[in-house]
2 protein chains.
Amino acid sequence: MTASEIRALFAVASRPEVVSLAGGMPYLAALPLDVVGGSLERLVAERGLVALQYGSGQGDPGLREQILDVMALQKVHASPDDIIVTTGSQQALDLVTRVFVDPGDVVLAEAPSYVGALGVFRSYQADVVHVPLDAEGLQPEALREQLEKLRRDGRRVKLLYVIPNHHNPAGVTLSAARRPEILEIARRYGVLVLEDDPYGLLGFDGDPLPAIQSLDSDGVIYLGSFSKTFAPGYRVGWAVAPHAVRERLVLASEAAILCPSSFSQLAVSSYLSNHDWKHQVGVFRELYQERRDAMLDALDDLLPSASWNVPQGGFYVWVRLPAGLDAKAMLPRAVTQRVAYVPGTAFYADGQGRDHIRLSYCFPTPERIREGIRRLAGVLDAELEIQSTFGPGMGPTPAFGMGRVTGPSDSPSPDLT
Amino acid sequence: MTASEIRALFAVASRPEVVSLAGGMPYLAALPLDVVGGSLERLVAERGLVALQYGSGQGDPGLREQILDVMALQKVHASPDDIIVTTGSQQALDLVTRVFVDPGDVVLAEAPSYVGALGVFRSYQADVVHVPLDAEGLQPEALREQLEKLRRDGRRVKLLYVIPNHHNPAGVTLSAARRPEILEIARRYGVLVLEDDPYGLLGFDGDPLPAIQSLDSDGVIYLGSFSKTFAPGYRVGWAVAPHAVRERLVLASEAAILCPSSFSQLAVSSYLSNHDWKHQVGVFRELYQERRDAMLDALDDLLPSASWNVPQGGFYVWVRLPAGLDAKAMLPRAVTQRVAYVPGTAFYADGQGRDHIRLSYCFPTPERIREGIRRLAGVLDAELEIQSTFGPGMGPTPAFGMGRVTGPSDSPSPDLT
């Protein structure tokens, strides 16, 4: 499928009759919208001339102070001067890649890894090399071997991109024991660690682990976001970077957008000041845990031929399909049956992943999740039956049967979050 | 001066005791803040779940419809599908350059040109070649000669970057007669025109001229912005591009930021729906005209040794200094005398411009503008006296005398807007 085919498919998938287990959209109905709205009117009355004006390229100083409080929960060491506020943490990914990566450079990423990051690396013509992960996250021994091999091959490795907590899409968390080990290996090979952490505060059990950045603030760029703990519509994320790097990121951001939105920054800042945001994160955690449970129960009951991990936080379950099924080829048929997922191939730079799908439990209600899994089970059964009749790779020709879709979707691309 | 020196200088220049004629910040106190604030509370109550969520990479469909109404005043032909909403038009500049320009490619720009665009072109390692302008804007004959020369030299020219209306910094407007001529030349040499038009609706006399895009929607990418007609703090701009280009811009924008802020877009959309925005643009026009007059009067009275153009709209007067003075060397001394401007060198890629300064009249009151010009006249007199005593290039060593400034400014960089 081409990008525009995927786009057309997701335009169909965003119709209300489809249960989308594809998107990573947070469940915003759990937010106190009256509080959010009321504080905005006050914001304009009290600080409108700042909120509506150009701001600094690095970001609002008050918000940068507050970001320190958020990151303190994960023991990130920084001063407000080390922080640059960005248009979502996606922009931080883009800026870091722009500053560090030349065409042909290697970027190491987990296998699988976040589709939006792979898109950025690709857009700067980086060569993404995957390193396997397991239930404890990125495998140190595999990382060492890969770095050794790349060194022998004379390749230039610029970044190690890691999603340490409640991984997208794999759902795993890098264990506390492995964090210093990964860092030590990266340091030995002179590779900067890019720690992307949108889900760090969304763990269902216990306190969050200390960030990798907390172990070595010089060798790590940490990326954070308010998209999953508050609201993505403001597009407010940030990077914490060593001094020299941070200056270059600010200049790159000024070239790209002049400055992040003052209004968005002050809206987030006022929410953090005037609302018990830690309580709200707890509300989200409970909600997502309930939905994860609903998804795991439905998978147990309805999809026994597949296998999956048990995520301890975040939004995603990473499902291995029964042998011989192709997640990408099956997607149009799933959408016809009114259920959507993201095929595993989206999360690899090298064509792997046909045997996996990513299922999100963040947005639909528990009842809709179960209904979605029920539909998905029907699709799998039909695929398996066709396969047993005609042999592997002989599924029916994809057919939408839901009307022709042209042009880009006006809905979010669920594969991108 | 290095970038960080300029930054430190503008940190001082942003102090209240300095009259800044440097920044291009719109005078937002003229906005109906009560209307703006009240509509936001309603927005969250009525459409909060959309405004706070991820949106499409191309931008909100409703806002794209409304942008057509805005552009109709300049006869831009487009459908909503041709529009991509960006994080300020600066991001559109960045995306267009990212998509089209390879290192070493030539980008043609007026001499002088917008500093923020030059920064983008430089960041993609484009080779900026300037083409002179005069009171009627970009000179067609000079453009033709430059393109012919570049063709003979075997250079690859990708873009012709033009600010057609109330030019930043030169203050001139490309005449109606020259628009088709410029377009025809660009077409003949296969060069895409990048029409950057933040000030098109801010002309003081008569209706705006039809956009260059209105003459040939295939050969032109048009960039628009709400930063000067409404408020820059939302960071909402847009590009209108031919179909194939637009698709590539959307993909590039998704890689860079996933999607523009839904909240910002719906805030602008609700302002356009619920407020008489055309009347408000008229309010801004009158205000800026009054300030332009104040600046021209003060220049006439106090700076007779300099010369300048008479802008018919926009924010800027482009001033030629008396012979022998150096705008860049003089800036620290001007800031010490509590007046700031942007030296002309900022608006060239090739070191020209030492004999010019850009003065903005958009933000200070008429009284402050006159006081700023009075201080500037004092600085010029002192420079000229030193010069007549010691000869050219022998001014005193720059000295701030206003305390040491370290680190990046938390204020907007006034040279960037």
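Residues numbered from 1 in each chain as written. Chains lettered and ligands numbered in written order. Predicted model: local features only at pLDDT ≥ 70, side-chain atom pairs only at ≥ 80, totals over all residues. Heavy atoms only, no water.

A.B. asks: So what exactly am I meant to see when it comes to the overall build of chain A here?
C.D. replies: The helix and strand tally for chain A stands at 12 helices and 14 strands. Along the three orthogonal principal directions, the C-alpha set of chain A runs to about 65 × 60 × 45 Å. Out of the 417 residues belonging to chain A, those deemed buried represent 63%. Of the contacts formed within chain A by residues at least 6 apart in sequence, a portion of 77% connects residues at least 24 apart. Per element, the accessible surface of chain A, about 14700 Å² overall, is 51% carbon and sulfur. Looking at chain A, you have 38 positive and 49 negative side-chain charges, and the mean spots of the two groups are 4 Å apart. (Helix = DSSP H or I, 4+ residues; strand = E, 2+ residues; numbered from the N terminus. Buried < 20%, exposed > 50% of the residue type's maximum accessible area, 1.4 Å probe, protein only. Contact = heavy atoms within 4.5 Å. Areas by Shrake-Rupley, 256 points an atom, 1.4 Å probe, with all protein chains shown as cover. Lys, Arg positive; Asp, Glu negative; His and termini not counted. Charge placed at Lys NZ, Arg CZ, Asp CG, Glu CD.)

A.B. asks: Sorry, what's going on with the packing of aromatic side chains here?
C.D. replies: Aromatic rings considered in pairs are described by the distance between their centres and by the relative angle of their planes. Taken as a whole, this structure holds 25 aromatic pairs over all chains when the rule is applied. Ring geometry for B:F284 against B:Y288: centres 5.8 Å apart, planes inclined by 5°, an arrangement best described as stacked. Of the two residues, B:F284 and B:Y288 are both situated in helix α10 (residues 277–302); the distance of 4 residues between them amounts to about one turn of the helix. Taking relative accessible area as the criterion, B:Y288 reaches 0% and is therefore assigned buried. The interplanar angle of 90° and the centroid separation of 5.7 Å between the aromatic rings of B:W318 and B:F347 together place this pair among those described as edge-to-face. Here B:W318 is found in strand β11 (residues 316–320), whereas its partner B:F347 is found in the loop between β13 (342–343) and β14 (356–360), with 29 residues between them in sequence. The same class applies to B:W318 as to B:F347, namely buried. Feature note: the residues A:F230, A:Y234, A:F263, A:Y271, B:F230, B:Y234, B:F263 and B:Y271 constitute an aromatic cluster, connected by ring pairs. Of note, B:R291 hangs over the ring of B:Y27, and the distance from its end group to the ring centre comes to 3.9 Å. (Phe/Tyr/Trp six-rings, centres within 6.5 Å; stacked < 30°, edge-to-face > 60°. Lys NZ or Arg CZ within 6 Å of the ring centre and 35° of its normal.)

A.B. asks: What is the right way to look at helix α6 (residues 140–152) of chain A in this model?
C.D. replies: Every α-helical turn comprises 3.6 residues, leaving residues that sit three or four positions apart pointing alike. Residues and elements named next belong to chain A. Given a rise of 1.5 Å per residue, 13 residues ought to cover 18 Å, and the 18 Å separating the end C-alpha atoms of α6 matches this to within 8%. All buried positions along α6 are accounted for by P140, A142, L143, Q146, L147 and L150. In a view along the axis of α6, the buried residues occupy a sector of 160°, so they form one face of it. Away from the buried face of α6 by more than 90 degrees, exposed residues E145 and R152 are located. Where α6 is buried, its residues touch β3 (106–111), β4 (127–134), β5 (137–138), β6 (157–162) and α7 (178–188). Following α6 by one or two positions, G154 has its phi on the positive side, about 70°. (Expected span 1.5 Å × (residues − 1). Arc of directions from axis to C-beta.)

A.B. asks: Would you take a moment to explain the relation of the copies chain B and chain A for this structure?
C.D. replies: One copy of the chain maps onto the second through a rotation about an axis and a displacement along it. Taken as rigid bodies, chain B and chain A are interconverted by a rotation of 180° and an axial shift of 0.0 Å, the fit giving an RMSD of 0.0 Å. On the angle and the small slide along the axis, the relation comes out as a two-fold axis. Residues of chain B ranked by C-alpha distance from the rotation axis are headed by B:E41, positioned 2.9 Å from it. Both copies share a contact surface, since 100% of the interface residues of chain B are interface residues in chain A too. (Least-squares fit on C-alpha atoms with pLDDT ≥ 70 in both.)

A.B. asks: In this structure, what is going on with the pairing of strand β2 (residues 83–87) of chain A? I would like to understand it.
C.D. replies: For a regular strand, side-chain orientation follows a simple rule: the groups alternate between the two sheet faces. Residue and element names in this part refer to chain A. Most of β2 sits inside the fold, with 5 of its 5 residues counted as buried. Across 5 bridges, β2 lies against strand β9 (residues 236–240) in antiparallel orientation. Paired with T87 across the strands is V236, a residue of β9. (Pairing = 2+ DSSP bridges.)

A.B. asks: Help me understand the sheet that holds strand β8 (residues 220–225) of chain A in this model?
C.D. replies: Each strand in a sheet pairs with its neighbour through backbone hydrogen bonds, running either in the same direction (parallel) or in the opposite one (antiparallel). Residues and elements named next belong to chain A. The mixed open sheet is built from 8 strands, whose spatial order is β2-β9-β8-β7-β6-β3-β4-β5. What marks the edges here is a single partner per strand, and that holds for β2 and β5. Along the sheet, helix α4 (residues 88–100) makes contact with β2, β6, β7 (192–196), β8 and β9, crossing β2 at roughly 110°. Together, β3, β4 and β6 form the strand contacts of helix α5 (residues 115–123), whose direction differs from that of β4 by roughly 155°. (Axes fitted to C-alpha atoms, helices over the stretch in contact; angles between N-to-C directions.)

A.B. asks: Just checking my understanding: could you explain the pattern of salt bridges for this structure?
C.D. replies: Where charged atoms from two side chains of opposite charge come close, those side chains can pair. Inspection of every chain in the model, using the stated rule, returns 40 salt bridges over all chains. A:D153 serves as the salt-bridge partner of A:K149, at 3.0 Å between the closest nitrogen and oxygen. We note a salt bridge from B:D355 to B:R320, for which the minimum N-O separation is 3.0 Å. Placement of the pair is B:D355 in the loop between β13 and β14 and B:R320 in strand β11, with a sequence separation of 35 residues. Residue B:D355 is classed as partly exposed on the basis of its relative accessible area of 29%. (Salt bridge = Lys/Arg side-chain N within 4 Å of Asp/Glu carboxyl O.)

A.B. asks: Honestly, the interface of chain B and chain A in this entry has me stumped. Any pointers?
C.D. replies: Where interface size is given, it is often the accessible area lost as the parts come together that is meant. Every contact between the two is made by 65 residues of chain B and, on the other side, 65 residues of chain A. Between chain B and chain A, roughly 5200 Å² of surface is buried when both sides are summed, and carbon and sulfur atoms account for 63% of that area. Linking chain B with chain A are 2 salt bridges. In this structure, the salt-bridge partner of A:R98 is B:D94, at a minimum N-O distance of 2.9 Å. Joining chain B to chain A, the criterion identifies 24 residue pairs in polar contact (both at pLDDT 80 or more). Elements that contribute at least two residues to the side of chain B that touches chain A include exactly α2 (33–51), α3 (61–72), α4 (88–100), α5 (115–123), α8 (243–257) and α9 (262–274) of chain B. It is α2(B) that contributes the most residues to the side of chain B that touches chain A, 9 residues altogether. Each residue belonging to the side of chain B that touches chain A can be placed in one class, and the counts come to 33 nonpolar, 21 polar and 11 charged. (Buried area = accessible area lost by both parts, 1.4 Å probe. Polar contact = N/O pair within 3.5 Å; in protein donor to acceptor, adjacent residues only side chain to side chain. Nonpolar A, V, L, I, M, F, W, Y, C, P; charged D, E, K, R; others polar.)

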